[in-house]
Amino acid sequence: MNRRLERVNVASLRVALISTGVVAVVYAIVAMVVVVFVTNNLTAQVDSKLSSSLTYYAANPPNFTTAGAVGDTGGGGLDSPTLVWVVFPSGALPFGGTQVTSIADGTALPAADISITDPTTISIKGVDLRIAGASLGSIHVHTRFGPVVSSARLVVGYNVESVSQARSSLIVTEAAAGVIVLLLVFGGTLFVGRRVGAPIELARQRQLEFTADASHELRTPLAVIEAQTSLALNQDRDPAWYRNAF
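Cut-off values and rules
Residues numbered from 1 in each chain as written. Predicted model: local features only at pLDDT ≥ 70, side-chain atom pairs only at ≥ 80, totals over all residues. Heavy atoms only, no water. Helix = DSSP H or I, 4+ residues; strand = E, 2+ residues; numbered from the N terminus. Buried < 20%, exposed > 50% of the residue type's maximum accessible area, 1.4 Å probe, protein only. Contact = heavy atoms within 4.5 Å. Areas by Shrake-Rupley, 256 points an atom, 1.4 Å probe, with all protein chains shown as cover. Pairing = 2+ DSSP bridges. Salt bridge = Lys/Arg side-chain N within 4 Å of Asp/Glu carboxyl O. Core = buried A, V, L, I, M, F, W, Y, C linked by side-chain atoms within 4.5 Å.

## Brief notes about the overall build of the protein chain
And step 1. If you tally the helices and strands in the protein chain, you get three helices and five strands.
And step 2. In the protein chain, the order of α-helices and β-strands from amino to carboxyl end is α-β-β-β-β-β-α-α.
And step 3. Counting every position in the protein chain, which comprises 246 residues, the buried fraction comes to 31%.
And step 4. Put simply, of all contacts in the protein chain between residues at least 6 apart along the chain, 62% involve residues at least 24 apart.
And step 5. As presented, the protein chain carries roughly 14,900 Å² of accessible surface, and 62% of it is formed by carbon and sulfur atoms.

What follows is the structure in structure tokens.
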């Protein structure tokens, strides 16, 4: 019995592996689409906030005399939800430099990102930020060094670490759920394959045994017929002898 079912077990295992592989590929594609969709949706929300902030701060340039000049709750650091830079032409600021910012430690915007217009994700000091910018006309900005009037460029940023964390959490959740799903698919397919395949294999084995037994039982009369026929055809006989032999 064990030998008969060994073939069923091997076939069931092969089918289970193939099914699990197919489900794994489909699940990976779906999971990737979900991650991209969620990330794009969260990023779109940030971009909408950036657009609103750009419009607001372009009409109401912030007062940079305090770290919390833009009304954020992050203590004026890169972890603040809202970051603002106003970039002036070289020599426009009386104290040197070209930027004033809402960041308490005065972290400057990288030179390569000053001219950014459309929302873009950058990294400053290892922190992921989503920034967008717009050109301003001549503006009057109060800084801790005194009022400044000059043409300038406004850049607004949002901390998107939460988006990265949400994406990471989603990936971990999908990975854990994927392992469970694949284990269920593998175990279920293997169980069903064995339950369905075992009766079929037993029926096939019985059919083979019946055929073998029937063949064995037919050998003796067939041997007698063959011997009698060979004897009859060994030499010429009269018709009555042939008739009696056949």
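## Considering the pairing of strand S1 (residues 83–87)
And step 1. Burial of S1 is extensive: five of the five residues sit out of reach of the surface.
And step 2. Going residue by residue along S1, you find Leu83, Trp85 and Val87 tucked away on one face and Val84 and Val86 tucked away on the opposite face as well.
And step 3. Pairing of S1 with strand S2 (residues 99–101) involves three bridges; the strand directions are antiparallel. The residue bridging Val86 from the neighbouring strand is Val100, located in S2.

## A closer look at unusual backbone geometry
And step 1. For Lys125, which is not glycine, the phi dihedral falls at a positive 55°.
And step 2. You can see Lys125 is positioned in the loop between strand S3 (120–124) and strand S4 (127–143).
And step 3. On the basis of relative accessible area, Lys125 is assigned to the exposed category, the value being 62%.

## Considerations on the pattern of salt bridges
And step 1. Applying the stated rule across the entire model yields one salt bridge.
And step 2. With a closest N to O distance of 2.8 Å, Asp47 and Arg130 form a salt bridge. Residue Asp47 is found in helix H1 (residues 2–59), and its partner Arg130 is found in strand S4; the two are separated by 83 residues along the sequence.
And step 3. Take Arg130: its relative accessible area is 13%, and that puts it in the buried class.

## Re the nonpolar core
And step 1. Judged by nonpolar contacts, the single largest core of 18 residues is most densely connected at Val46, Leu50, Val86, Phe88, Leu154 and Val156.
And step 2. Of all the elements in the fold, those that place two or more residues in this core are H1, S1, S4 and strand S5 (146–159).
And step 3. Considering each element in turn, this core owes the most residues, five residues, to S5.
And step 4. If we ignore the near neighbours within four places in the chain, the residues touching Leu154 are Leu54, Tyr57, Ala58, Val84, Trp85, Val86, Ala132, Gly133, Ala134 and Leu136.

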